[in-house]
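Examining the three-dimensional arrangement
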Amino acid sequence: MSSTFDYEKLKLFYIGKEKIDENTSIPLVYKNKHLRTHAAIIGMTGSGKTGLGISLLEEAAIDNIPSIIIDPKGDMGNLLLTFPNLKGSDFKPWIDPQDAINNGITLEEEAKKTAELWEKGIKGDYQSSDRIQKLKDSADFTIYTPGSSAGVQISILSTFKAPSNEVLQDHDLLVSLVNSTVSSILSLIDAKNDTSSKEAILISSIFMNYYTQGKDLSLEELITLIVTPPFAKVGIFDLETFFAQDDRLKLALKLNTIIANPSFKQWIEGQALDISNLLYDENGKAKVSIFSIAHLNDTQRMFFVSLLLNQMVSWMRRQEGTSSLKALLYMDEIFGYFPPNANPPSKQPMLTLLKQARSFGVGVILSTQNPVDIDYKGLSNIGTWFIGRLQTKQDIEKVIDGLSSANEEGIDKNSIAKLISNLDKRTFIMKNINEDGIKVFQTRWVLSYLKGPISKDDIKKLMSEKIEKLKSFITHSSNNLQEKNEVKRDVPKQTEQKNIKPIIANNLEEKYSYISQSDSYYLQPYLAFSCDVHFVNSSKNIDKKEEFKYKLYLNRKVSQIDFEEIETFDEVKLETKERINTNYYDIPTFIQNDKEIKAIEKEFDNFIYRNKKLTLFSNSKLKLISKQDESLEDFKIRLQDRLNEAIDEDVEKLQEKFEKQEDRLEKKLESLYDKLEKEEAQASATTTDTLIAIGTSLLGAFFGKSIVSKTNIGKVATSARKAGKVIKERNDIKYVQEEINDVQNEISDLQKELEKEIEQINENYQIKNYEIEEIFIKPRRNDIYDIKVELLWKEE
């Protein structure tokens, strides 16, 4: 029977070997959908937590399930150290030279020794090097380093994205998200950040003002709005009484130190923190997104983790419910982020995820070596507990209390305490609310090489190729954009009085955009266009209003408007009055004519009517159409959810189809094992071990029960050992062995048939087989309204 069966085709995670008795173990497989009820990994340093966590993440990657990983210690980058050839030369660059020195051998010998150790460990745990290659090919692995250029940069402070409509409609959730965001911002400047402080109330009010309008908010805009908020009252008090301008200015200056700091550049460059883009690539391959934050200080870590968790909550609430596992959120050390008695910015969004993520197919896995420092009321929402070796009685009691709160039927606390106290390294107890009883198992050998914490230099080496590709793409895109938008600018008016403003049409309103504080300003002329468009389609449940803003540079030599050169425009802070010492560039003559302006307004109306449409995405096979605010990335994720659900449904039908065969095999094996015990004969150790190790555990997990009971597995193993060194040649013994071989072949045939049918199911539901089409909804003429054309004077 194959020892390299594709566990993932059965949607099973192979995580270790379950101990039946002192001398017998079988592979432990875990249904991936059980992670929808979340998991906690708890154990002291050296217990094997990292290995277990990486095993779970490896299984998810092979299963095409994306993961978002928060890595405070730097260990999770080991997921990228995969060497399918298992050659010493592959391991050598990652071996610590000191290890070779300590062992009295050369670096090459140490690398070869490590490669041999990994090969032996992998093959000894029912795996092969083919599985390493499958892991490497199954997912796209990226290490992000917020606030650093060591890995792929992620833009954190550029924009605080407005939450989804689903969050906006849940007032309690919106308040929680805003409070957490504001608290994390204030923690950056060591300001008082409880929700009752005037600083928190002011900034929260600004966020609520923008978010309820569906507007994103940049840090630069936030600093400006603290000085000049978009409201005149806070509660029943006027703004000045509640928070005087001088004090607001001091707060703004503190926040401005973040921007002024040279390291700030590292926080705003790189990919946007968009959860949808962190899950799958353009080909539908799952992403493993590792956020390494070991290089940050405690305040910065808290800030980043809070923002990421808030983005997860907002993204999650945009998703439809699903019964399949959609994605994993893994945190490699929860200590300090989810304490029992404090309320840091990270706690509330994490609690929201633990309570609500299950319905949306998101599994949360939390790991810690400090069980007394985590909130067990929150962890009562966790369905699977992996508990390793613990050092103190206090730790053991705390874990047992948490385990008890998560299990309504109750547990035997004394036996669990005794079990935890005697666990070996890499040995865990597992309590899964989706299954009966408690299992003791040893973690499987990981496919990735565990070198220890990945340093910034290691990250640079691992991500060098990916960073170069991103830089090349950004440079290419910027050059294209520059070529497209490059327009020859005029020189300032050469007159004795440079500040004389050109004459314009009487009904043309003017706005001013200043970007500096100077003794002299030079302003370029633009036409600013804006309008609202209402997209309506009742059959597709579309009722959406959008505001469009554009600007168009006015070269004094042009005689008419060319809307092909129009640019999007979203500046918020415009002034209505000019400043002193302002100099103006010349404008074309038609700007002086009211009729011309009216004609331009009409042309803009026609431009919007011809070019603006609401793009939706659809798949005809599944009769699935995107929602009005759903991005292509989110639609693909929803499509993948439907395909996963279809796979689950067809696999459940397979269970029904093969159930009679499974029952027959179970009864037959039970009978044969009873015969063996009675005869006290020696069965073939190889036959028995292989049969028990692979067939029974896989098919048992697939059918939701064991083909042969653990009691009988123990009986067989004991009987085989008792028989001693003499092989009995009696015909009845041979007959039983032949029957065992026959059943083994039947199990093998059943496994092969299952594998073939499940492989076909997975092939049928691959996302590449489901074409995504675009459909468009155009506005009617009377759905374009509030058209405005203004003259914008912009400092450049």
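Residues numbered from 1 in each chain as written. Predicted model: local features only at pLDDT ≥ 70, side-chain atom pairs only at ≥ 80, totals over all residues. Heavy atoms only, no water.

As a further point, take the side chain of Ser-276. Relative to the elements of secondary structure, Ser-276 occurs in the loop between β9 (271–272) and β10 (286–292). Judged by relative accessible area, which is 3%, Ser-276 ranks as buried. Side chain to side chain, Ser-276 and Asp-634 meet in a polar contact 2.2 Å long. Non-local contacts of Ser-276, meaning those with residues more than four positions away in its chain, are made with Trp-315, Arg-318, Glu-633, Asp-634 and Ile-637. (Helix = DSSP H or I, 4+ residues; strand = E, 2+ residues; numbered from the N terminus. Buried < 20%, exposed > 50% of the residue type's maximum accessible area, 1.4 Å probe, protein only. Polar contact = N/O pair within 3.5 Å; in protein donor to acceptor, adjacent residues only side chain to side chain. Contact = heavy atoms within 4.5 Å.)

Once that is clear, we can look at the nonpolar core. Within the largest apolar cluster, 150 residues are counted, with the highest numbers of intra-cluster contacts made by Phe-207 and Phe-386. At eleven residues, helix α13 (residues 298–318) tops the list of elements feeding residues into this core. Composition of this core by domain shows at least three residues from each of domain 1 (1–83 + 122–158 + 270–477) and domain 2 (164–268). Setting aside residues no more than four positions away along its own chain, Phe-386 makes contact with Ile-15, Tyr-30, Ala-39, Ala-40, Ile-41, Ile-42, Leu-52, Leu-56, Phe-428, Ile-429, Met-430 and Phe-441. (Core = buried A, V, L, I, M, F, W, Y, C linked by side-chain atoms within 4.5 Å. Domains from an automatic or database assignment.)

It is at 9 Å that the axes of helix α7 (residues 171–188) and α13 come closest, and there the two elements cross at 160°. Here α7 lies roughly antiparallel to α13, going by the angle between them. α7 and α13 meet at a crossing whose hand is left-handed. Counting all contacts with α7, which are made through Leu-173, Leu-177, Ser-180, Thr-181, Ser-184, Ile-185, Ser-187 and Leu-188, the residues of α13 involved are Thr-299, Gln-300, Phe-303, Ser-306, Leu-307, Asn-310, Val-313, Ser-314 and Arg-317. (Axes fitted to C-alpha atoms, helices over the stretch in contact; angles between N-to-C directions. Parallel < 35°, antiparallel > 145°, perpendicular 65-115°, else oblique. Left-handed = near helix turned anticlockwise from the far one by under 90°.)

Let us now look at the pairing of strand β21 (residues 614–619). Among the six residues in β21, five count as buried, and that is most of the element. Of the pairings in the sheet, the one linking β21 to strand β23 (residues 773–777) comprises five bridges and is antiparallel in character. Paired with Leu-614 across the two strands is Ile-777, which belongs to β23. Two strands pair when backbone bridges link them, and β21 and strand β22 (residues 624–625) are joined in this way by two bridges, in the antiparallel orientation. Among the inter-strand pairings, Asn-619 is bridged to a residue of β22, identified as Leu-624. (Pairing = 2+ DSSP bridges.)

A complete count under the given rule lists 32 salt bridges for this structure. Two residues, Glu-58 and Arg-444, come together in a salt bridge whose shortest N-O distance is 2.9 Å. Here Glu-58 is found in helix α1 (residues 49–62), whereas its partner Arg-444 is found in the loop between β15 (438–443) and α17 (456–485), with 386 residues between them in sequence. This pair shows no difference in class: Glu-58 is buried, exactly as Arg-444 is. The salt bridge involving Glu-119 is made with Lys-123; its shortest N-O contact spans 3.0 Å. Placement of both Glu-119 and Lys-123 in helix α4 (residues 107–124) is noted, with a separation of four residues, approximately one turn of the helix. (Salt bridge = Lys/Arg side-chain N within 4 Å of Asp/Glu carboxyl O.)

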